[in-house]
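One-letter residues, chain by chain:
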Amino acid sequence: MFQAVSKQSLSDAVFDQLRERIMREDLRAGDALPPERLLCELLNVNRGSVREAIKRLQQAGLVHVRQGGPTTVTDYRRQAGTDLLASLLVDAQGRIQVHVARSIVRMRQVLSPEIAADAATHAPQITADRLDAIVAKMVPAAPTGTLQELALSFWEALVEGSGNIAYQLAFNSLRRTYEPIRELMTRMLEQEFRNLESFRAIATAVRKADRGAAFEQARRYINHNSDAIYGFLDAYERRSNLT
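Below you will find a few notes about this structure.

Definitions and cut-offs
- Residues numbered from 1 in each chain as written.
- Predicted model: local features only at pLDDT ≥ 70, side-chain atom pairs only at ≥ 80, totals over all residues.
- Heavy atoms only, no water.
- 1 Å grid on protein atoms, 1.4 Å probe; cavity = no way out; pocket = protein on both sides within 12 Å on 5 of 7 lines; lining within 4 Å.
- Points joined across faces, edges and corners; volume = space filled by probe spheres on them.
- Helix = DSSP H or I, 4+ residues; strand = E, 2+ residues; numbered from the N terminus.
- Nonpolar A, V, L, I, M, F, W, Y, C, P; charged D, E, K, R; others polar.

1. Observations regarding the layout of surface pockets
Item 1. Roughly 290 Å³ of internal volume is contained in the largest pocket.
Item 2. For the largest pocket, the lining is made up of 18 residues, of which Met-23, Tyr-76, Leu-88, Gln-97 and His-99 are closest to its centre.
Item 3. Secondary-structure elements contributing two or more residues to the lining of the largest pocket are α1 (10–23), α4 (76–79), α5 (85–89) and α6 (98–121).
Item 4. Its residues assigned to classes, the lining of the largest pocket comprises seven nonpolar, five polar and six charged.

Here it is as C-alpha cells:
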C-alpha cells in the first residue's frame, strides 16, 4: 500500500517510496504509475513534489514518461546505470542483498588492477607524487576510519591517474554505493587498510611506469581485500537463512 509521507523533503520521500516499490517489484516493468492527481492523494503531497520525483525516477532509468500517456515502469536491468547499485545493495529493512554485494565486489575486483596498470602508463610521475603523499599519511597508529579515507583517496588518485573517464564515473558510483554500509566496511577491512606495504608497492610500480607490476600489485591487494568481503557475505547469508 502507498503511505502518506511527511512534509519534510517531499519529493525525496515520494522518490524513495516509488523507487522502493519498483525495486521490490511491487511495480513491475510495463506497469503504469497511478496518474499524478491520484499519487498526490495517495501520498498526501502536492503535484510539484510528485513531478520532481518522477523526473528523478526517469533520470535513474526506472520509468518512461510519455507525453499525453501513462508513466510506465522500465526494466531497470536494461535501462538503469551503476548509480542504482546503492538502492539495490540494502533493502528497506536495512538488510544487505548478498547477490548484489557479490556482484559489486566482483566488478571492483576486475577493474582495480586495470586501473592501476593504466595509471602506470598515463602521467605516472604526477600520479605517483599524489600516491606517495597519501601513503606518507598512512601510519599504523592512525584510526581505522582515517586509514579508510586515505585508502579511498589512494584509489581515487589511481582512477584519475588512469585518464579513463569511464573508470572515474564507475568509481564515483561505487563510492556512493558503499555509503549505506560504510561503518561495516570500516570494521570488516581494518586489516586491509593497515596493509601499508601493498599501497607502497602499487605506488612504486606506478612511479616506475611498470604497467605489469602495477597490475599485479593491485590484483594481489584487491583479491585479498575481496576475500575478506566474500567471507563476511558468506557468513551473513548463513545467518540470514537461519532467521
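Okay, back to it.
2. Re empty space enclosed by the protein
Item 1. Taken as a whole and judged by the stated rule, the model has two cavities of 30 Å³ or more.
Item 2. Counted as a void, the largest cavity has a volume near 410 Å³.
Item 3. Considering the residues around the largest cavity, the lining is formed by 23 residues, among which Arg-108, Leu-152, Trp-155, Phe-171 and Tyr-178 are closest to the centre.
Item 4. Within the residue set of the lining of the largest cavity, elements represented by two or more residues are α6, α8 (144–162), α9 (165–178), α10 (182–188) and α13 (211–242).
Item 5. Element by element, the count of residues in the lining of the largest cavity is highest for α9, at six residues.
Item 6. Within the lining of the largest cavity, the residues separate by chemical class into 16 nonpolar, three polar and four charged.
Item 7. The volume enclosed by the second largest cavity comes to roughly 80 Å³.
Item 8. Ala-101, Val-105, Ile-181, Met-185 and Ile-229 are the residues nearest the centre of the second largest cavity, which is lined by 13 residues in total.
Item 9. Contributions of two or more residues to the lining of the second largest cavity are made by α6, α10 and α13.
Item 10. In terms of residue class, the lining of the second largest cavity is built from 13 nonpolar, no polar and no charged.

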